[in-house]
Amino acid sequence: MVFCSIGLISGLAYLELSRTTQENASTRLDRAAHTAASILRYGTNDRLLPEFAGSGAPILIRVPGATAGELLEPGEKLDALVETIGKTNQGAVNLFKWSPRTGTFDSLATTFPYPGGVPPSAYSIGEGHPAFASLSAGQPFSGNVPVQGRFRLAYLTPIVTEGGKVAGALAVDVGWVDDLALAENRLKTRIAPAALIILIAVILIGGVVLRFELRPLRRLAKVADELAAGLQPKRIPFTDRRDEIGDLAHGLERVTDLQDKLHKLAYTDPVTTAGNRARYFSDLSEALRRAKSGSFSASLIHLDFNGFAKVNDTFGQQVGNRVLLQAYVRLANIFGPSAQIARISADDFCILLPFDGKGAIAEDYAVQAIDMLSVPFQMEEGEIHVEPSIGIALLPQDAEDAETAHRMAGLALRAAKRSAGAGARYEFFSPPLNDRVQSEMLTETLLRAALQTRQLVLHYQPQVCPADGRLIGLEALLRWPHEKRGDIPPAEFIPIAEKTGLILELGGYVLETACKQAAQWRQAGFEFGQVSINVSPLQFRQSSFAETVRQTLKTYGLPASYLCLEVTENVFVDTREQLVMDILSQLQKIGVQLSLDDFGSGYSSLSYLHRLPFQELKIDRAFISGADSHPQREQLFEAIVRLGRSLGLRVIAEGAETAGEFALTVTHKCDGIQGYICSPAVPADRIQSQLQSFGVALKSNTLAGGSSHSSKQRA
Ligand code: C2E
Ligand code: MG
Ligand code: MG
C-alpha cells in the first residue's frame with residue numbers, strides 16, 4: 001500500500017514535470033520563431049513578410065517573387081541579420097535557401113557555434129530530415145531535428161514566393177533537446193531509487209513505531225493465550241494505564257479472577273479445603289510426567305479410616321465432616337507445604353509427597369500420620385477415635401500412569417487394612433502384594449458370576465447332642481464347586497465377599513435357601529432341630545436385616561424358632577454396642593435363635609455376654625482341638641463350657657475330630673457337638689443318609705451302634 005502510494009506520487013510528479021518542461025519549451029520556441037520572423041521582416045525592410053498564427057508562431061514568410069533570389073544570397077548583410085536574430089534568441093538561427101538542383105534546403109547563414117574555429121560544414125535539409133516534408137509543402141515544422149548526432153528543438157518557417165513556391169526556410173531553436181529535458185532526465189534517473197529509499201525508510205521507521213506501539217497488545221495477547229490454555233498468569237500487565245490498553249488489561253484481570261475462582265471451586269474439596277479427586281488425578285499425572293523425565297520422585301500415600309461410617313452413624317454427618325476437616329489439618333501439619341493433599345472420597349485422603357533427597361522417607365511420615373490421627377478428636381459431642389490405615393506406592397518405580405499408581409497405593413492400603421489386626425497399619429506396594437490382590441480381584445469376578453448362575457450351594461453340617469446322639473441342628477455352610485479350580489473354600493471367598501459388599505447378596509441367598517430347605521424338611525417330617533446360618537457383620541448391620549429375616553420366614557412358612565442366626569464377635573468391632581443391642585433385640589422379638597459363633601477366637605469381651613440376648617454359644621475349634629491330651633487345654637475348655645452354661649446358654653463345641661475330643665464334650669456336658677467326628681457338611685439331599693451312616697439318632701434319642709465311626713469311638 002505504502003509502496004503503491006509512493007510509486008503513484010513519484011509517477012505523477014514525473015509526468016507533471018515532463019508536461020511542464022514540454023510546455024515551457026514549446027512556448028519558448030514559438031516566441032523565438034515569432035521574434036526571428038519579425039526581425040527578419042524589419043531587417044529586410046518588409047520585403048520578407050511573415051504571417052502569424054493565433055498562438056503567435058509564424059506560419060510562413062512571404063517573399064515577393066522577383067526578390068527571392070536577390071534576398072536569399074549569402075553575404076555579410078544576411079550574416080549580420082542572422083546574428084541579430086541570434087542575439088534575441090537563446091538558441092541558434094539558421095537561414096536556408098531552397099536549391100531546386102539538389103532538392104535540398106541549404107544553409108545560407110547560421111549562428112550555430114563552432115567552438116574549434118572551424119565553420120560548420122554546408123548544412124542542408126534533405127529528404128529524410130524530419131522537417132523536410134513540412135517545409136516542402138510550405139508548412140512550418142516544430143520539433144526535434146538532428147544536429148551533429150544530437151537533437152535540437154527547432155521551429156522552421158518556410159519562405160514562400162508569391163507564386164506559392166518554397167524558396168527557403170528560417171530555423172530557430174531553443175537548444176539541445178537533452179539539455180532542455182535535463183531536469184526531467186535527472187528526475188527519471190533518480191526517482192526510482194529515491195522512491196525505493198523512501199519506501200525502505202517508511203518501512204523501517206513504520207516498523208519500529210508499530211513494534212513499539214503494539215508491544216502492550218502483544219503482551220496482553222500472550223496473557224490471553226495463557227488464560228485460554230488454562231494457565232494462571234502471575235500478573236496482568238498495564239492495568240495502571242488509562243487508555244484502551246488499560247481497559248483491555250482490566251478486562252483480562254476480571255477474566256483471570258473468575259477463572260481463578262472457578263478453578264478453585266472445581267479443584268477443592270468443600271469439606272476440608274484439601275484438593276478434590278480432580279485435583280489429585282491432575283497432580284498425580286503431572287508428578288508422573290516429571291518423574292518420567294528423571295528429575296523427580298515421590299511417594300503416593302493413600303490413607304483411610306477403618307469404620308469411619310460408624311462415626312457418621314453415631315454422631316451424624318456434620319460431626320463426621322468436622323472430624324475430616326481436623327484430620328486434614330493434622331495431615332497438613334505433618335506433611336508440610338511441599339506435599340499435595342487431596343480428599344478423593346468419603347474418608348479417603350491421598351497425599352503426593354515429593355522425595356526431597358534429604359532422607360525423609362514415606363515410612364517416617366506414615367508412622368507419624370498414624371500416630372497423630374490415632375489421637376482422639378475432641379468434639380463437643382464427645383471424644384472420637386478413628387483408626388487410620390495407609391498404603392504407599394513409590395513413583396515412578398511402582399507405576400507409570402496415574403490410574404495404575406492410584407490402584408497400586410489402593411492395593412497397598414487394602415493389604416494394610418487386612419493386616420491391621422497384626423499391628424501394621426501401613427503397607428508398601430510390592431509385586432507379590434499385587435499378585436495377591438489380583439488373585440482376589442479374579443476371585444471377586446468369578447464370585448459375582450457364580451452368584452448370578454447359582455453355582456454356590458449350601459451344605460449342611462449336623463449338630464448332635466453328645467449325651468444321647470440326637471440331632472439338634474444343622475449349620476448351613478456355603479460351598480463353591482468351581483469347574484476349573486475345584487472346591488473354593490469359604491475361608492477364601494467369604495472375606496472377599498465381605499470386602500466388596502457382595503456378602504449382602506450372598507447372605508440374602510443363604511437366608512432364602514436355608515429357610516426354604518428347612519420348611520421342606522419340616523413338611524417332610526424330618527426333625528432337624530434348627531437350621532443355623534452364618535450372618536456377616538455387614539449384613540447384620542443393615543437396618544433392614546431384621547425385617548428381611550421376618551419376611552423370609554413368612555414367605556416359606558417357617559416358624560422363627562427353627563432358624564438360628566450365628567454372628568461372630570466381629571459384629572462388635574465396627575458397630576456401636578447400642579446398635580448391636582438394638583438389632584439383636586429386634587431379632588429376638590421375631591423369635592429366631594441367636595448364636596455367638598467362634599467364641600474365644602478373637603475380640604472376646606465377657607462384659608457384654610450376659611447383656612446380649614444370645615441363646616447359644618459356639619466354642620471355637622481351637623479350644624477343643626487336642627484338649628483330650630493336654631490337661632491344661634482341657635481345663636480351659638471346661639471353664640468356657642461352664643461359663644456358657646452359667647449364663648444359661650446352649651453350649652456347642654465346634655470342630656471335634658477325634659473320639660477323645662468327642663468324649664470331652666460328653667464329660668463336660670456340652671449341649672451340642674459339631675465336628676467331623678459326626679459328619680462334615682453335606683448336600684441337603686444327602687443329609688439323612690449321611691446321618692444314618694454315621695449313626696446319628698434321627699427319631700430315637702440314642703446313637704445307633706454299629707457302622708458309625710463315632711459310635712465305634714464311643715463304644
Ligand atoms: P464357621 O461358621 O465357624 O463354620 C464352621 C467351620 O468349621 C466350617 O468350615 C466347617 O466345615 C468347619 N468344621 C466343622 N467341623 C470341623 C472339624 O471337625 N474339623 C475342622 N478342621 N473343621 C471343621 P467352612 O465351611 O470352611 O466355613 C468356614 C467359615 O466360613 C465358617 O466358619 C463361616 O465363618 C464362614 N461361612 C461359611 N458359610 C457361610 C455363609 O453362608 N455365610 C457367612 N457369612 N459365612 C459363612
Ligand atoms: Mg458358623
Ligand atoms: Mg464357627
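Predicted model, so just to flag it, every value in this text is computed and none were measured.

1. A word on the packing of aromatic side chains
Now for step 1: Across all of its chains, the model carries 14 aromatic pairs by this definition.
Now for step 2: Ring geometry for Phe-305 versus Phe-349: centroids 6.5 Å apart, planes at 80°, classification edge-to-face. Of this pair, Phe-305 sits in strand β9 (residues 298–306) while Phe-349 sits in strand β11 (residues 348–354), and the two are 44 residues apart along the sequence.
Now for step 3: Here the aromatic rings of Phe-528 and Tyr-562 are separated by 5.7 Å at their centres, their planes lie at 55°, and the arrangement is tilted. Linking Phe-528 in the loop between α15 (502–523) and β19 (531–534) with Tyr-562 in the loop between α17 (545–556) and β20 (563–568), this pair joins segments that are 34 residues apart in sequence.
Now for step 4: Across from the ring centre of Trp-176, 4.3 Å away, lies the NZ or CZ of Arg-150, which sits over that ring.

2. Description of unusual backbone geometry
Now for step 1: Here the residue pair Leu-395 and Pro-396 is connected by a cis peptide bond, since its omega of 5° sits within 30 degrees of zero.
Now for step 2: Here the phi dihedral of Phe-238 falls at roughly 65°; this positive angle occurs in a residue that is not glycine.
Now for step 3: Note on placement: Phe-238 falls in the loop between α6 (182–228) and α7 (244–267).
Now for step 4: Unusually for a residue other than glycine, Arg-454 sits at a positive phi of about 55°.
Now for step 5: Here Arg-454 lies in the loop between α13 (431–452) and β16 (457–464).

3. Side note on the coordination of the magnesium ion (ligand 3)
Now for step 1: In the first shell of the magnesium ion (ligand 3), the protein supplies Asp-597 (OD), Asp-598 (OD), Glu-654 (OE) and Glu-654 (OE), at 2.0 to 2.4 Å from the metal.
Now for step 2: If you look at the magnesium ion (ligand 3) and the magnesium ion (ligand 2), they sit 3.9 Å from each other and are both ligated by Asp-597.

4. Side note on the packing of α15 against α17
To characterise two packed helices, one gives the angle between the axes of the helices and the distance between these axes.
Now for step 1: Where α15 meets α17, the axes come as close as 9 Å, and the angle between the chain directions of the two elements is 35°. At the point where α15 passes α17, the crossing takes the right-handed sense. Here Leu-511, Glu-512, Cys-515, Lys-516 and Ala-519 of α15 lie close against α17, whose contacting residues are Thr-548, Val-549, Thr-552, Leu-553 and Tyr-556.
Now for step 2: Its residues assigned to classes, the contact of α15 with α17 shows six nonpolar, two polar and two charged.

5. Some thoughts on the sheet that holds β11
Now for step 1: What the five strands build is an open sheet, ordered β10-β11-β9-β14-β15; its pairing is mixed. Where the open sheet ends on each side, the last strands, each with one partner, are β10 (340–345) and β15 (426–428). Ignoring which end each strand starts from, the neighbouring axes of this sheet average 20° apart.
Now for step 2: Bridge analysis of strand β14 (residues 387–395) against β15 gives three bridges, and the strand direction is parallel.

6. Some details on the coordination of the magnesium ion (ligand 2)
Now for step 1: At this site the magnesium ion (ligand 2) is bound by Glu-475 (OE), Asn-534 (OD1), Glu-566 (OE) and Asp-597 (OD), with donor distances of 2.0 to 2.2 Å.
Now for step 2: If you list the donors of the magnesium ion (ligand 2) from N- to C-terminus, the spacing comes out as E-x58-N-x31-E-x30-D.
Now for step 3: With a relative accessible area of 3%, Glu-475 lands in the buried category.
Now for step 4: Judged by its relative accessible area of 5%, Asp-597 is buried.

7. Quick notes on empty space enclosed by the protein
Now for step 1: Tallied over the full model, the rule gives three cavities of 30 Å³ or more.
Now for step 2: Lining the largest cavity we find 16 residues, and of these Asn-94, Tyr-123, Val-147, Ala-171 and Asp-173 sit closest to its centre.
Now for step 3: For the lining of the largest cavity, the secondary structure elements donating two or more residues are β3 (93–99), β6 (141–147), β7 (150–161) and β8 (166–176).
Now for step 4: For the lining of the largest cavity, the per-class residue count stands at twelve nonpolar, two polar and two charged.

8. A short note on a positive patch on the surface
Now for step 1: A surface patch of positive charge is lined by Arg-211, Arg-215, Arg-218, Arg-219, Lys-222 and Arg-235.
Now for step 2: For Arg-211, the position within the fold is in helix α6.
Now for step 3: Take Arg-211: its relative accessible area is 56%, and that puts it in the exposed class.

9. Observations concerning the pairing of β7
In regular strands, side chains alternate between the two faces of the sheet.
Now for step 1: Counting buried residues in β7 gives ten out of twelve residues, a clear majority hidden from the surface.
Now for step 2: Pairing geometry for strand β2 (residues 58–63) and β7, over three bridges, is parallel. Across the sheet, the residue bridging to Arg-62 is Val-160, located in β7.
Now for step 3: Pairing geometry for β6 and β7, over seven bridges, is antiparallel.

10. Observations regarding the domain arrangement of the protein
Now for step 1: Split by domain assignment, the protein resolves into domain 1 (2–183), domain 2 (272–429) and domain 3 (451–703).
Now for step 2: For domain 2 and domain 3, the distance between their C-alpha centroids amounts to 39 Å.
Now for step 3: The interface is formed by five residues belonging to domain 2 together with six residues belonging to domain 3.
Now for step 4: Counting each side, the surface lost to burial between domain 2 and domain 3 is near 480 Å², with a carbon and sulfur contribution of 50%.
Now for step 5: At the boundary of domain 2 and domain 3, one finds zero salt bridges.
Now for step 6: Our enumeration of links across domain 2 and domain 3 arrives at zero residue pairs in polar contact (both at pLDDT 80 or more).
Now for step 7: The element best represented in the side of domain 2 that touches domain 3 is helix α9 (residues 308–315), accounting for three residues.
Now for step 8: Class assignment for the residues of the side of domain 2 that touches domain 3 results in no nonpolar, two polar and three charged.

11. Some details on the pattern of salt bridges
Now for step 1: Inspection of the entire model under this criterion finds 23 salt bridges.
Now for step 2: Asp-178 is the salt-bridge partner of Arg-150, the closest N and O atoms lying 3.3 Å from each other. Here Asp-178 lies in helix α5 (residues 177–180) and Arg-150 lies in strand β7, a separation of 28 residues in the sequence.
Now for step 3: The shortest N-O distance in the salt bridge between Lys-618 and Glu-654 comes to 4.0 Å. Taken as a pair, Lys-618 in strand β22 (residues 616–619) and Glu-654 in strand β23 (residues 650–654) lie far apart in primary sequence, 36 residues in all.
Now for step 4: Accessibility expressed as a relative area gives 0% for Lys-618, which makes it buried.

About the thresholds
Residues numbered from 1 in each chain as written. Chains lettered and ligands numbered in written order. Predicted model: local features only at pLDDT ≥ 70, side-chain atom pairs only at ≥ 80, totals over all residues. Heavy atoms only, no water. Phe/Tyr/Trp six-rings, centres within 6.5 Å; stacked < 30°, edge-to-face > 60°. Helix = DSSP H or I, 4+ residues; strand = E, 2+ residues; numbered from the N terminus. Lys NZ or Arg CZ within 6 Å of the ring centre and 35° of its normal. Donors = N, O, S within 2.8 Å, 3.2 Å for Na, K, Ca; no water. Axes fitted to C-alpha atoms, helices over the stretch in contact; angles between N-to-C directions. Left-handed = near helix turned anticlockwise from the far one by under 90°. Contact = heavy atoms within 4.5 Å. Nonpolar A, V, L, I, M, F, W, Y, C, P; charged D, E, K, R; others polar. Pairing = 2+ DSSP bridges. Buried < 20%, exposed > 50% of the residue type's maximum accessible area, 1.4 Å probe, protein only. 1 Å grid on protein atoms, 1.4 Å probe; cavity = no way out; pocket = protein on both sides within 12 Å on 5 of 7 lines; lining within 4 Å. Points joined across faces, edges and corners; volume = space filled by probe spheres on them. Patch = residues over 30% accessible without salt bridge, like charges linked within 9 Å, V, L, I, M, F, W, Y side chains within 5 Å. Areas by Shrake-Rupley, 256 points an atom, 1.4 Å probe, with all protein chains shown as cover. Salt bridge = Lys/Arg side-chain N within 4 Å of Asp/Glu carboxyl O. Lys, Arg positive; Asp, Glu negative; His and termini not counted. Charge placed at Lys NZ, Arg CZ, Asp CG, Glu CD. Domains from an automatic or database assignment. Buried area = accessible area lost by both parts, 1.4 Å probe. Polar contact = N/O pair within 3.5 Å; in protein donor to acceptor, adjacent residues only side chain to side chain.

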